[in-house]
Amino acid sequence: MRQDTLKKLAREHGTPLFVVDHDVLRRNYAEFKKHLPRVQAYYAVKANPDPAIVRTLYRMGASFDVASMPEFLIVHKNIEHLPHTERQDWIWDKIIYANPIKATETLEQLDQYKPLVTYDNLEEVRKVRRHAPHAGLALRLKVPNTGAMVELSSKFGAPPGEAVDLIEAAFRAGLVVEGISFHVGSQCTNFENYVQALNLASNVFKEAWSRGFEQVKILDIGGGFPAPYDANVKPFRELARRLNSEFNRLFPKKMEILAEPGRFMVATAATLVAKVIGKKVADGKPSYYINDGVYHTFSGIIFDHCQYHLKAFKQGPKQICSVFGPTCDALDTISLAEELPDLRLGDLVYSENIGAYSHASSTYFNGFPPAKVIHVNQ
Ligand SMILES: *Cc1c(COP(=O)(O)O)cnc(C)c1O
């Protein structure tokens, strides 16, 4: 976003201010579709559950990946329902419930929607049969997460060797397994992860089909698509080229392929503007205290292992400095080595590409509320 636009918005709305640019959301969605024409994008709502973001992506043609009842309802309330007449399972076209572990209460609430849900173990098959007998299933496969910024495979995923038995167990229980899913880890810059995962999935499909389970026909390649935080991240089209060639090599044309991009859609769509509220010299370098920190929009520094950089609106020679958030906790440290020009109290700073796993995990710790959100180019 242009600096003068950000400054004007901050003057108008105050700080901390989380500015979401819907032109960028639309551009990211269009880029994803352009390079992966065989793939339907199910936006992973946990990256940023703002209803306005859900609506914009829905209008672009997106479907959604949710992992809790509140997320399910955010999507359900914000999309126009398709007529129920054509397909009983219309909701599968628009929503996947991609949390392999679901509380029984959640299953009971979900059942009326005939949802598509993921699973990776036998207990879950029993739970789904009892509490959501109208659900369809997708088996979550464990795949290598090497080199991803956020690892997800230690918590979820059936070992490939057990996958087909779990598919068989679900059919035996009277349920239908519609597909196979995996997640290569978030901000996955090691494209080999996808290639390995696709090969593992392909073997599971073949084995399942050979045992007579032809209904397993959806391939869900999960999320992990990296946001261009810095120049080391290879372009998305390179990843897409690898994926497309593996799709064509391994999977019949008639197979449905879906993905669950979260970060890729929203990371570059938001900018945070904050204000310097304190300043001192400590350990021989300037220390700035700003009115947003790791309990708030910068929460990704802790939970998402993502480092954000700050920029100033003013020019001037840069110095190494520390930047802290507003709470009383020393953990509330944004950086001990940021490069900024000499700032004064009241000066504004901003941080770009902060749309994913940021505002979504803000707290009210110490009495400081999350940043105000505004939407531009909606
Ligand atoms: C978090 C998550 C996603 C989104 O991952 P990104 O790396 O943000 O694309 C997709 N699917 C599942 C099951 C997830 O848990």
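Quick caveat: nothing in here was measured; it's all calculated off a predicted structure.

Caption draft 1: Inspection of unusual backbone geometry at higher detail. With omega at -5°, the peptide bond leading from threonine 15 into proline 16 counts as cis. Checked against the element boundaries, proline 16 lands in the loop between α1 (3-13) and β1 (17-21). Even without being glycine, glutamine 187 reaches a positive phi, approximately 50°. Residue position: glutamine 187 is located in strand β9 (residues 186-188). Positive phi values are uncommon outside glycine, yet asparagine 366 reaches one of about 65°. Locating asparagine 366 in the fold gives a position in the loop between β17 (348-351) and β18 (372-376).

Caption draft 2: Expanded view of a nonpolar patch on the surface. A contiguous nonpolar patch, built from Ile302, Phe303 and Leu331 and spanning about 290 Å² of accessible area, is present on the exposed surface. Structurally, isoleucine 302 can be placed in helix α12 (residues 300-303). The class of isoleucine 302 is partly exposed, set by a relative accessible area of 32%.

Caption draft 3: Looking closely at the packing of aromatic side chains. Scanning all chains against the criterion turns up 15 aromatic pairs. Here the aromatic cluster, defined as three or more aromatic residues joined through ring pairs, consists of Phe32, Tyr194, Phe225, Phe236 and Phe264. Its guanidinium or amino end placed over the ring of phenylalanine 191, lysine 234 lies 4.7 Å from that ring's centre, counting from NZ or CZ.

Caption draft 4: Up close: the domain arrangement of the protein chain. Domain boundaries assigned for the protein chain yield domain 1 (3-17 + 268-376) and domain 2 (22-267). Listed per partner, the contact involves 16 residues of domain 1 and 19 residues of domain 2. Both sides of the domain 1 and domain 2 interface together cover about 1500 Å² of buried area, and 53% of this is carbon and sulfur. Ranking the residues of domain 1 by area buried against domain 2 places Thr268, Tyr357 and His375 at the top, with a combined share of 39%. Counting the contacts that link domain 1 with domain 2 gives 1 salt bridge. Across the pair arginine 263 and aspartate 304 runs a salt bridge, and its minimum N-O distance is 2.7 Å.

Here is what the cut-offs are and how they apply
- Residues numbered from 1 in each chain as written.
- Predicted model: local features only at pLDDT ≥ 70, side-chain atom pairs only at ≥ 80, totals over all residues.
- Heavy atoms only, no water.
- Helix = DSSP H or I, 4+ residues; strand = E, 2+ residues; numbered from the N terminus.
- Patch = residues over 30% accessible without salt bridge, like charges linked within 9 Å, V, L, I, M, F, W, Y side chains within 5 Å.
- Areas by Shrake-Rupley, 256 points an atom, 1.4 Å probe, with all protein chains shown as cover.
- Salt bridge = Lys/Arg side-chain N within 4 Å of Asp/Glu carboxyl O.
- Buried < 20%, exposed > 50% of the residue type's maximum accessible area, 1.4 Å probe, protein only.
- Phe/Tyr/Trp six-rings, centres within 6.5 Å; stacked < 30°, edge-to-face > 60°.
- Lys NZ or Arg CZ within 6 Å of the ring centre and 35° of its normal.
- Domains from an automatic or database assignment.
- Contact = heavy atoms within 4.5 Å.
- Buried area = accessible area lost by both parts, 1.4 Å probe.

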